[in-house]
Amino acid sequence: MAVEQRGMEVKVDAPSAGLWAHTVDGLRRFFDGDIWYSFKRSPVTILSAVITVLFMSAALFAPLVAPHDPFDLAQVDLLDSFLPPIWVEGSDPRFLLGTDDQGRDVLSTLMYGSRISLGVGFASVIFSLFLGVGLGLVSGYVGGTVDAVIMRIADVQLSFPAILIALLIDGVARGVLPRDLHGEIWFYVLVFAIGFSGWVQYARTVRGSTLVEKNKEYVQAARIIGIRPALIMLRHVLPNVMGPVLVIATIHLAIAIITEATLSFLGVGVPLTSPSLGTLVRVGQDFLFSGEWWITVFPGIALAVLVLAVNLLGDWLRDVLNPKLR
Amino acid sequence: MAEPAATTPATAVANGTDLVEVRGLAKYFDVSPPLLNRVLQGEPRLILKAVDGIDFVIPKGKTFSLVGESGCGKSTVARLVVGLFKPTRGHIRFDGVDMAGLTKREEIEPVRKRLQMIFQDPYASLNPRWRIGDIIAEPIRAHRLIEGKADILARVGELLTHVGLSPVDAEKFPHEFSGGQRQRISIARALASQPEFLVCDEPTSALDVSVQAQILNLMKQLQREFGLTYLFISHDLAVVYHISDYLGVMYLGRLVEWGTGRRVFGQPRHPYTRMLLDAIPDLEMTGRRRIPVAGEVPNPINPPTGCHFHPRCPFAEDRCRREAPKSLPLPEGGEVACHAVEEGRLEAG
Ligand SMILES: Nc1ncnc2c1ncn2[C@@H]1O[C@H](COP(=O)(O)OP(=O)(O)O)[C@@H](O)[C@H]1O
Ligand code: SF4
Ligand SMILES: [Mg+2]
């Protein structure tokens, strides 16, 4: 418990204190705390963090750091197509990891692809988190019929694989919405499909913690004062059930990226005009047997490394916040 | 319990000076297995009578202590009185107003301000994510007693000083305090809305003995200072000895005896009260020896017939197994529910 408390205090947001003093205080406690200590001692975790940060920076600043803009038709030349990576015979030093069938720089498409993958992933996680935490909180705090209904829905949904749910929602959305809209709203459709397929984990965990917290005496004290249930949930219970949510969110980010890649690989995800890592793998595999392996292998490796790094971070976070499981 | 309250000494005190009046109060919990199990395995409904018809009054400015072994329903009474539970039966009147009759927020609000509760577990009763200042200010903000940041802060500092802490503690988090200090913070929060009535559910049970005395003294001092009325709950008679104006003894959801603290400690009438008193250190200095409490509390889901206490009672007779004793007034005040006392089989004292 002590570990969890000390770790979480970094996140406590108290309006009464000077923000600056509070931040300094929080940072100092963080670097003195067990989380930082455990981080320093785990090379795998450090490596995962470095990789994740690299990916995020590349994704965030792709337009600035990418050697080429693969989507600027003025910069792309079909004559540059199918160039191999520079350590292979017949390469061009301008293209570190080679080029694809349209002459786009593979390294640059990777950066822009990570941008899409991480963007969809983060948005899906945030959507899932809000939905799941909200439903779990209400389910646990209100109880009764509301709880029963929400949890039965969760049970049913959990009996299907998440990818199937996402595929279903994605398919229905594509069928229902007008075709010419797809080009504009694919992002929201994907985020909804992937996000909706993941809320159950959050809801179950938060419901469990809420059941414990709501019987604690600080909640009863607030009830005696006459604080409204919605405010008790938000101000009292929520901050005390968010610890495990952070862990779930991190692991879920890896799952969301994979789900998006799978959907894109199946051709129902991100459109070709703005390819994600998954789309790149799909497009590239057509050339695998004709020998241009780099077009599909590099996005594949990038995807695997990113997902693995995020997953390892999540595992580490879970261990560090749950000393009992160590 | 005695229904016609008009003749009992309880109402003799109740001439407008009573702040709290509890009549026929009962709380049953449905602890049945889930519906599916009941249907498939033919399991019956299970009703746990945590509180089964109790009456008492608390005069303004006095302390009514409620004692009894763990699981006899004390906390349930406390939660009923502050409105955390809805009674299955019975009434709670606060300053003459029946609390069950209050349904609208605007009606409940003014009553809520006037009553507060202090809990047993000092580690669970303060939100670990909140600063002490925000915890204590919560009732002030909720009831809009004071507006303005600076004024609220000043009031919080004042409250902290009242309970023996320092205004700078407002910036800290609960984990920076010991159990006794946390209980002081709880008291400060309870006092924030300037209540008249405090329900204290074993406020010292989780604390070291030395700290217990400090908290009890603080509570007594605050009672004098603010004219507070207390419902003080404890499983330990020794704890309530110094603070009880009135003392009630509960056994398995029923009040078996009550009276002034002096009378119950000096001349306990009910066999259960005597057993509890024999088990604690000799507070009256009469030179008697301690006798440990005999037997165990029966399962409250399936309590003994008649007088719940009969399996443990040295004076039990046939009638005790058949018939629940009625609460009868004692000539010296208070009431006791025991066939042996009624029949004169038990000499006083
Ligand atoms: N919410 C509840 N649901 C079911 N049973 C309860 C609940 N609260 C208390 N009880 C039961 O009621 C009885 C009295 O409990 P309680 O009032 O906490 O006793 P005490 O405070 O005297 O130890 C116990 O048997 C307890 O298990
Ligand atoms: S009624 Fe009978 S069993 Fe109950 S306390 Fe009195 S003598 Fe004992
Ligand atoms: Mg209790």
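Here's what I pulled together on the structure shown here.

What counts as what
- Residues numbered from 1 in each chain as written.
- Chains lettered and ligands numbered in written order.
- Predicted model: local features only at pLDDT ≥ 70, side-chain atom pairs only at ≥ 80, totals over all residues.
- Heavy atoms only, no water.
- Near = heavy atom within 4 Å.
- Nonpolar A, V, L, I, M, F, W, Y, C, P; charged D, E, K, R; others polar.
- Buried < 20%, exposed > 50% of the residue type's maximum accessible area, 1.4 Å probe, protein only.
- Helix = DSSP H or I, 4+ residues; strand = E, 2+ residues; numbered from the N terminus.
- Pairing = 2+ DSSP bridges.
- Polar contact = N/O pair within 3.5 Å; in protein donor to acceptor, adjacent residues only side chain to side chain.
- Contact = heavy atoms within 4.5 Å.
- Buried area = accessible area lost by both parts, 1.4 Å probe.
- Salt bridge = Lys/Arg side-chain N within 4 Å of Asp/Glu carboxyl O.
- Areas by Shrake-Rupley, 256 points an atom, 1.4 Å probe, with all protein chains shown as cover.

## Considering the site of ligand 2
Part 1 of the reasoning: The environment of ligand 2 is made up of 13 residues, and the closest members are B:C307, B:C313, B:C320, B:C338 and B:H339.
Part 2 of the reasoning: Taken together, the residues that form the shell around ligand 2 break down as 10 nonpolar, three polar and no charged.

## Observations regarding the pairing of strand β6 (residues 115-118) of chain B
Residue and element names in this part refer to chain B.
Part 1 of the reasoning: Neither face of β6 is left uncovered, since the one carrying L115 and M117 and the one carrying Q116 and I118 both have all their residues buried.
Part 2 of the reasoning: Bridging between β6 and strand β7 (residues 197-201) involves four bridges; their strand directions are parallel. The partner of Q116 across the bridge, within β7, is L198.

## Here we look at the side chain of B:D201
Part 1 of the reasoning: Counting through the fold element by element, B:D201 comes out in strand β7.
Part 2 of the reasoning: Only 3.4 Å separates the side chain of B:D201 from the side chain of B:R79, close enough to count as a polar contact.

## Concerning the interface of chain B and chain A
Part 1 of the reasoning: The partner chain A presents 25 residues to the 29 residues of chain B that form the contact.
Part 2 of the reasoning: Interface area for chain B against chain A, summed over the two sides, is near 2600 Å², with a carbon-plus-sulfur share of 53%.
Part 3 of the reasoning: For the pair chain B and chain A, the number of links is zero salt bridges.
Part 4 of the reasoning: Our enumeration of links across chain B and chain A arrives at 13 residue pairs in polar contact (both at pLDDT 80 or more).
Part 5 of the reasoning: Top element by residues in the side of chain B that touches chain A is helix α5 (residues 132-142) of chain B. It accounts for four residues.
Part 6 of the reasoning: Here the residues of the side of chain B that touches chain A are counted per class, giving 12 nonpolar, six polar and 11 charged.

## Details of the site of ligand 1
All names here are of chain B.
Part 1 of the reasoning: Around ligand 1, a shell composed of F29, V31, L48, A50, S70, G71, C72, G73, K74, S75, T76 and P300 is seen.
Part 2 of the reasoning: C72 has a polar backbone atom sitting 3.3 Å from an oxygen atom of ligand 1.
Part 3 of the reasoning: A distance of 2.9 Å separates an oxygen atom of ligand 1 from a polar backbone atom of K74.
Part 4 of the reasoning: Surface burial for ligand 1 is 66%, taken as the share of its 550 Å² of free accessible area covered by protein chains.
Part 5 of the reasoning: At the level of elements, β2 (47-59) and α3 (74-81) are the ones that each hand at least two residues to the shell around ligand 1.
Part 6 of the reasoning: With three residues, α3 is the largest single contributor of residues to the shell around ligand 1.
Part 7 of the reasoning: For the shell around ligand 1, a count of residues per class yields six nonpolar, five polar and one charged.

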